[in-house]
Amino acid sequence: MSDIDRGTDNDESSIILNFCIKNFYVAWVRVSTQTILSIHHRMVTENARITLSYNDHRTWFLHIRNVQETDRGWYMCQINTEPMTSQKGYLQVVVPPKVIDEESSMDLIVKEGSDMLLQCKARGYPEPYIMWRREDGKDINYNGLTVNVIDGEKLMIRKISRLHMGSYLCVASNGVPPTRSKRIIVTVHFPPMLMIPNQLEGARIGVSSKLECHTEANPPSINYWTNERGDMIVSGSRFLDDKIRTGYVCKMILHISNVSTEDFSSYKCVAVNALGETDGIIKLYEITTVVESSNEVIFEGENYKYSVNVTEVTDYLDGTTGAIYDNITSYVSSSHTLAHSFVLYLILISINDNLLNIV
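Residues numbered from 1 in each chain as written. Predicted model: local features only at pLDDT ≥ 70, side-chain atom pairs only at ≥ 80, totals over all residues. Heavy atoms only, no water.

**Q** What is the right way to read the side chain of R162 from this model?
**A** Following the sequence through the fold, R162 ends up in the loop between β18 (154–157) and β19 (166–173). A relative accessible area of 14% places R162 in the buried class. A polar contact of 2.8 Å, which involves the side chain of R162, links it to the side chain of E216. If sequence neighbours within four positions are ignored, R162 has contacts with E112, V188, F190, M193, E216 and Y248. (Helix = DSSP H or I, 4+ residues; strand = E, 2+ residues; numbered from the N terminus. Buried < 20%, exposed > 50% of the residue type's maximum accessible area, 1.4 Å probe, protein only. Polar contact = N/O pair within 3.5 Å; in protein donor to acceptor, adjacent residues only side chain to side chain. Contact = heavy atoms within 4.5 Å.)

Structure follows, in structure tokens:
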């Protein structure tokens, strides 16, 4: 008889224990219960999964079909010699892991800043090994450590944040395929928070402009805009309230077309959910340009005339100042004289002085 034969709880093949014998009677016995299974050609057990076969009365086989975990244990074949001859063999039944749902955590909703405990129970033989990981493969911030896998039946994370939100897998394995897993979805609730990329936005009359706010909230917040009087802004002919949501993040964009004088004001973006409310203010102001002309230089001679205008431009969008030289006119005689060169020299000095004044 073999010392160990193995199977699984769903094995459709037979477990065969054999022994060679001649001119004697053979009996099969379940050692743990001292139950006689067969005596020579006759089956004694009423278990229909257990059958008997033999080969020329020399080799006897005990077959166990559809092996179950309860079949694990010692089996003995006995020969009625004097004294009795016997041999034992152990049937080891391995069982793939199975997660016990009723003893494991279900999908969980937890408030940000609270502690989170997930639990996973599994059975099988050998006893399953359990580990935790995120379904998306990202690392887990585990109480100050960054890890990819956590061992054990329990996963405890203190002071959970929105970054912990996602699907977690409890994975049970014991070397017997297949490996089993259970998905647990963790949802983190928190009040709205808001970030404004630019609190001051400039625009010129007649052009289009947009104001932008970024919010985070879970459950998802109700987001809207109000004007300086506190009236809610509804999308219409010139205003478009656009929202782009990605998970718990919402990008609020208020488009204003054909900006007019009355549009230069303060606008408030608001986010509200069951846990709280937050808002932020963006000011839309007018971009203006002032043009000033100065420093006209004129030199006239008998056959020539030069005139230079220096224009100073200030753009109130970025506060920069520059100089533009225009309206340069000349009437020069055909002969290039020393006086002509002197006039060019005076013009260059004038331009240089204006540059220094502007800078």
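**Q** Sorry if this is basic, but what is going on with the packing of aromatic side chains here?
**A** Aromatic ring pairs are described here by two measures, namely the spacing of the ring centres and the angle between the planes. One pass over the structure, following the stated rule, counts three aromatic pairs. Residues F190 and Y248 carry aromatic rings whose centres are separated by 5.4 Å and whose planes lie at 90 degrees to one another, so their mutual orientation is edge-to-face. One end of the pair, F190, is in strand β20 (residues 180–195); the other, Y248, is in the loop between β24 (239–246) and β25 (249–256), with 58 residues separating them in the sequence. Positioned over the ring face of W74 is K88, at 5.0 Å from the centre of the ring. Above the ring of F190, the side-chain terminus of R162 is found at 3.7 Å from the ring centroid. (Phe/Tyr/Trp six-rings, centres within 6.5 Å; stacked < 30°, edge-to-face > 60°. Lys NZ or Arg CZ within 6 Å of the ring centre and 35° of its normal.)

**Q** Is there a simple way to think about a nonpolar patch on the surface in this case?
**A** A cluster of nonpolar residues, I36, I39 and V44, forms a patch on the protein surface that exposes about 210 Å² of accessible area. Relative to the helices and strands, I39 is located in strand β4 (residues 35–39). (Patch = residues over 30% accessible without salt bridge, like charges linked within 9 Å, V, L, I, M, F, W, Y side chains within 5 Å. Areas by Shrake-Rupley, 256 points an atom, 1.4 Å probe, with all protein chains shown as cover. Salt bridge = Lys/Arg side-chain N within 4 Å of Asp/Glu carboxyl O.)

**Q** It is not clear to me how unusual backbone geometry should be interpreted in this structure. Could you clarify?
**A** The omega torsion across Y125 and P126 is 0 degrees, close enough to zero to call that bond cis. The topology assignment puts P126 in the loop between β13 (122–125) and β14 (129–134). Here the phi dihedral of N258 falls at roughly 50 degrees; this positive angle occurs in a residue that is not glycine. On the secondary structure map, N258 appears in the loop between β25 and β26 (266–273).

**Q** Where do I start with the environment of I150 in this structure?
**A** Tracing the backbone shows I150 in strand β17 (residues 150–151). Exposure remark for I150: the relative accessible area of 5% places this residue in the buried category. Sequence spacing of I150 and C170 is 20 residues, and the spatial spacing of their C-alpha atoms is 9.7 Å. Those residues in contact with I150, other than ones at most four positions away along the chain, are M131, W132, I140, Y142 and L155.

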